[in-house]
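Reading the structure
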Amino acid sequence: MIKLTINDIPLEVEAGTTVLEAAKRAGISIPTLCNHPKLTPYGSCRLCLVQVQGARTLQTSCALPAAEGMVVQTETEAVKKARQFVLSMLFSERNHFCMYCQETDGDCDLQQAAYHEGLTHWPITPAYLPFGVDASHPDFILDNNRCILCRRCVRTCDELVGNATLGFEERGSSAYLVADYGVPLGQSSCISCGNCVQMCPTGALIDRQSAYRGRSTDLKHQTTVCTECALGCLRDAQTRDGHLVRLDGWEADEFAEGLLCELGRYRPLKEVRLRLQTPMIRREGTLQPASWDEALRLVATQLKAHGSDQINAAVSPRQNIESLYAFRDFFKESFQLDHAFLLGHDHSAELSQELAADIGSFEASLQDLKSAGMVVVLGTDLTRDHPVAGFIIKRQAARGMKLLEITNEPTHLTVNAANALNLTAADYGPVVEILQALSQSLPTDTLAGQLGWNALQLNAFSGSALDWSQAVFVIGKDFAQPAYRQAFEDLIQLARSQGAKVLPLKGKANATAAARLGLKVWDDPQANRVFFLALGDGHHCEHLTPAFAGSEFKIVHAAYASELTDLADVILPAAIWSEENGHYLSSDSRLNEAAQLLLPQEQSRTLREVLAALAQQVGIPLGDDWQKAIGLAEALAA
Ligand code: SF4
Ligand code: SF4
Ligand code: SF4
Ligand code: FES
């Protein structure tokens, strides 16, 4: 531990702590611009200057490690004068006359620092050159005229996202931000995660959706989980006057640490599907508006008139746990349907659940990705299916983590992999045999031959640098299939024998909770007398269409019009993710909350409301102990 004093307060901090961090711990605030706790210190803006006893000049506290016996002052006249000078220089270098900017008056860190330091004018004559504005990106705009060259965006894209799209051209005050080698952002390698925009302390990177729709202080902020995939990244959802304005990553989130991908940040704000407004009933061949009472009575009559083998019911894994539980209680427990199933093709959650029941729990946590020495990605395109996990793997690979990738086709991770193998036949069984043989230093040539591996590929997998005890096997839906159940089990046993970890990533938002409730995917759904489809705000499923179309009486609970709603006999308009509260269980079983951000539109209702009303009509009780049903009751009580 290191002892120092800041503003005469004695402090004790761990070696490696910066003076800025030490001051923060003591409740002393030092203004910063280029610094961000999630990024490596860069020390470019010089706003965080402090006076250190014995030092010839003022020092940048964000890049200065605390040293034994250091005596620091943060509010001397010299420091205050230096801050004013730094800010004057920054305001003179570019055009910061931002009278229309939404960031002005508190949201822009530069303006905020100026107000805080009492800067009323700057004595340096502005001498800036005008820069062009890059508006080529669909989600955000780059205005170099507002840039303070802090490189927070560059470091975010590089250090946190692992994408390395951004950089600077020219030097000194002429420097300007570019994508790749100077191409427009919209044509660059950018993957539209928007994390650089969230990190920008000024209005130089500005979000198209939220720009000019209110300052941060005008918006209502609520923490809510992302309902797009099963990673459970937490978001800071910002609304105003009944509209969703912006989604940012929630920085206190232990796993994602404030990162989001395009699906979680921008997609929900770009919804263009036609919203269903009212219940509809097919009369004489055409769908016509109806009241909720009429629609529910008709559905209840149909359900009561048919046996458990004559009704299909399917539910989207995007539904919250409360609705999944109501679905299971209603259709599986009460109606005892032969086919109450989960939409989609992803078996990873149910297979992991079954294997854990058979051979004991085996799943690693998402946090393990951050400390792994090696990651073997097996059967998933992470940058498509679970992008933030892909970011973490990409950035760790750049820091020396070994990445092996075995997938159906090349992915955005492939370029970071020490070796990547594409299995056109999607035959993952022998892969596990090879991994087993490699771990025991057995000859693998014949097996490799079966897979079509050449010596080079085999060497990469058997290289001496492989340390299996540091490995995390990331399992995706192409490997976690019933056909590879034995291979999956073998892989778990291999990992156990080597001290490695296994991390299955599980489909859509609530696939883990659905598996715990016993809801399974049905790969080959068949038509039936009645089909109840709880699609919610999910997308149309093509593989379901023939079975749904072929069923005699079709009911769909959906938020948006689709080919499936066109086929229905009864449409029940559904609330969307932002219109109800509920819970989600992440891939690694963290329980997260989704907050209700907006009032439900028109007559839409949640699935649990619909099922509660139907339960009343058919005269069955519905339980509400979902915590117990998914095996969390004890954990929550503890
Ligand atoms: S949006 Fe994401 S990928 Fe694109 S430049 Fe910003 S951080 Fe990089
Ligand atoms: S665009 Fe924003 S984050 Fe990037 S260097 Fe300029 S001011 Fe900093
Ligand atoms: S990785 Fe998944 S949970 Fe995270 S923001 Fe993207 S879609 Fe949402
Ligand atoms: S915050 Fe320390 S130099 Fe910018």
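The model shown is predicted, which means the values in this text are computed figures rather than measured ones.

What follows is about the overall build of the protein chain. Helix and strand counts for the protein chain come out as 21 helices and 27 strands. Taking the principal axes of the C-alpha coordinates as reference, the protein chain spans close to 85 × 65 × 50 Å. Here the analysis covers contacts within the protein chain between residues at least 6 apart in sequence; of these, 67% occur between residues at least 24 apart.

For helix H4 (residues 152-160), the buried fraction is high: eight of the nine residues fall into the buried class. On its buried face, H4 is in contact with strand E8 (166-169), strand E9 (176-179), helix H5 (195-199), strand E10 (205-207) and helix H11 (387-398). Residue Gly162 follows H4 closely and has a positive phi angle near 75°.

Relative to the helices and strands, Leu231 resides in the loop between strand E11 (220-225) and strand E12 (234-240). Here the alpha-carbon distance between Leu231 and Ser589, two residues 358 residues apart in the chain, equals 9.5 Å.

Attention now moves to the pairing of strand E1 (residues 2-6). Note on strand geometry: in a regular strand, side chains alternate between the two faces of the sheet. In the sheet, E1 pairs with strand E2 (residues 9-13) via five bridges, with the strands oriented antiparallel. By the bridge assignment for E2, Ile6 is matched with Ile9. Sheet topology note: the E1/strand E5 (residues 70-73) ladder contains three bridges and is parallel. Looking at the pairing, Ile6 lines up with Val72 of E5.

Bringing the environment of Leu533 into the picture now. The residue Leu533 is located in strand E23 (residues 530-536) in this model. Assessed through the 27 C-beta atoms surrounding it within 10 Å, Leu533 is described here as buried. C-alpha of Leu533 to C-alpha of Ala313: the two residues are 220 residues apart in sequence and 5.7 Å apart in space. When neighbours within four sequence positions are excluded, Leu533 is seen to be in contact with Ala314, Phe548, Ile555, Val556 and Leu564.

Turning our eyes to something else, we now look at the domain arrangement of the protein chain. Domain annotation of the protein chain identifies domain 1 (2-75), domain 2 (125-270), domain 3 (280-346 + 511-635) and domain 4 (353-504). Placing a centre on the C-alpha atoms of domain 2 and another on those of domain 4 gives a separation of 32 Å. Contact with domain 2, which involves twelve residues of that partner, is made by eleven residues of domain 4. Grouping the amino acids of the side of domain 2 that touches domain 4 by side-chain chemistry returns ten nonpolar, one polar and one charged.

Interhelical geometry of helix H12 (residues 429-439) versus helix H15 (residues 485-498) gives an angle of 20° and a closest axis separation of 9 Å. Here H15 runs roughly parallel to H12, going by the angle between their axes. Considering how the two elements wind past one another, H12 and H15 form a crossing that is left-handed. Mapping the contact onto sequence places Gly429, Val432, Leu435, Gln436 and Ser439 in H12 and Ala487, Asp490, Leu491, Leu494 and Gln498 in H15.

In spatial order, the strands read E11-E12-E13; together these three strands make up an open sheet with antiparallel pairing. The sheet is open, and its two edges are formed by E11 and strand E13 (243-249), each paired on a single side. Across the sheet, the mean angle separating the axes of adjacent strands is 30° when strand polarity is ignored. Direction of pairing for E11 relative to E12: antiparallel, over a ladder of six bridges. Paired with Lys220 across the two strands is Thr239, which belongs to E12.

Taken together, the neighbourhood of ligand 1 is formed by 13 residues, with Cys157, Thr165, Cys190, Cys193 and Cys196 sitting nearest. Within the residue set of the shell around ligand 1, elements represented by two or more residues are H4 and H5. Residue composition of the shell around ligand 1, grouped by class: seven nonpolar, six polar and no charged.

Our focus in this paragraph is the site of ligand 2. Close to ligand 2 lie 14 residues, the nearest being Cys147, Cys150, Cys153, Cys200 and Ala204. By residue class, the composition of the shell around ligand 2 is eleven nonpolar, one polar and two charged.

Helix length check: H11 (twelve residues) gives 17 Å between terminal C-alpha atoms against 16 Å at 1.5 Å per residue, within 8%. Burial analysis of H11 places eleven of its twelve residues in the buried class, the great majority of the element. Taken as a whole, H11 has its buried residues at Pro387, Val388, Ala389, Gly390, Phe391, Ile392, Ile393, Lys394, Arg395, Gln396 and Ala397. The inward-facing, buried residues of H11 contact H4, helix H6 (262-265), strand E18 (374-378), helix H10 (382-385) and strand E19 (402-407). Following H11 by one or two positions, Gly400 has its phi on the positive side, about 110°.

As a further point, take the packing of helix H7 (residues 292-304) against helix H19 (residues 607-618). Relative to each other, H7 and H19 sit at 60°, their axes nearing to 9 Å. Considered as vectors, H7 and H19 are oriented oblique to each other. The two elements H7 and H19 cross, and the hand of that crossing is right-handed. Of H19, the residues touching H7 (which contributes Leu296, Arg297, Val299, Ala300, Leu303 and Lys304) are Ala613, Leu614, Gln617 and Val618. When its residues are assigned to classes, the contact of H7 with H19 shows seven nonpolar, one polar and two charged.

In spatial order, the strands read E6-E7-E10; together these three strands make up an open sheet with antiparallel pairing. In the strand order of this sheet, the two ends are held by strand E6 (133-134) and E10, each with one partner. Two strands pair when backbone bridges link them, and E6 and strand E7 (residues 140-143) are joined in this way by two bridges, in the antiparallel orientation. Bridge pairing in E7 places Val133 opposite Asp143.

Val375, Phe473, Val474 and Leu533 are the most contacted members of the largest nonpolar core, which totals 186 residues. Looking at this core element by element, the count peaks at seven residues for helix H8 (residues 321-334). Those residues in contact with Val375 that sit more than four places away from it in its chain are Leu369, Ile393, Met401, Leu403, Val472 and Val474.

With five of five residues buried, strand E16 (residues 311-315) lies mostly within the body of the structure. Relative to E23, E16 runs parallel, the two sharing five bridges. Note on E23: the bridge partner recorded for Ala313 is Phe532. Relative to strand E17 (residues 339-342), E16 runs parallel, the two being bridged by four bridges. From the neighbouring strand, Val315 faces E17, where its bridge partner is Leu342.

Definitions and cut-offs
- Residues numbered from 1 in each chain as written.
- Chains lettered and ligands numbered in written order.
- Predicted model: local features only at pLDDT ≥ 70, side-chain atom pairs only at ≥ 80, totals over all residues.
- Helix = DSSP H or I, 4+ residues; strand = E, 2+ residues; numbered from the N terminus.
- Contact = placed C-beta atoms within 7 Å.
- Buried ≥ 20, exposed ≤ 12 C-beta atoms within 10 Å, placed from the backbone.
- Pairing = 2+ DSSP bridges.
- Domains from an automatic or database assignment.
- Nonpolar A, V, L, I, M, F, W, Y, C, P; charged D, E, K, R; others polar.
- Axes fitted to C-alpha atoms, helices over the stretch in contact; angles between N-to-C directions.
- Parallel < 35°, antiparallel > 145°, perpendicular 65-115°, else oblique.
- Left-handed = near helix turned anticlockwise from the far one by under 90°.
- Near = placed C-beta within 6 Å.
- Expected span 1.5 Å × (residues − 1).
- Core = buried A, V, L, I, M, F, W, Y, C linked by C-beta atoms within 7 Å.

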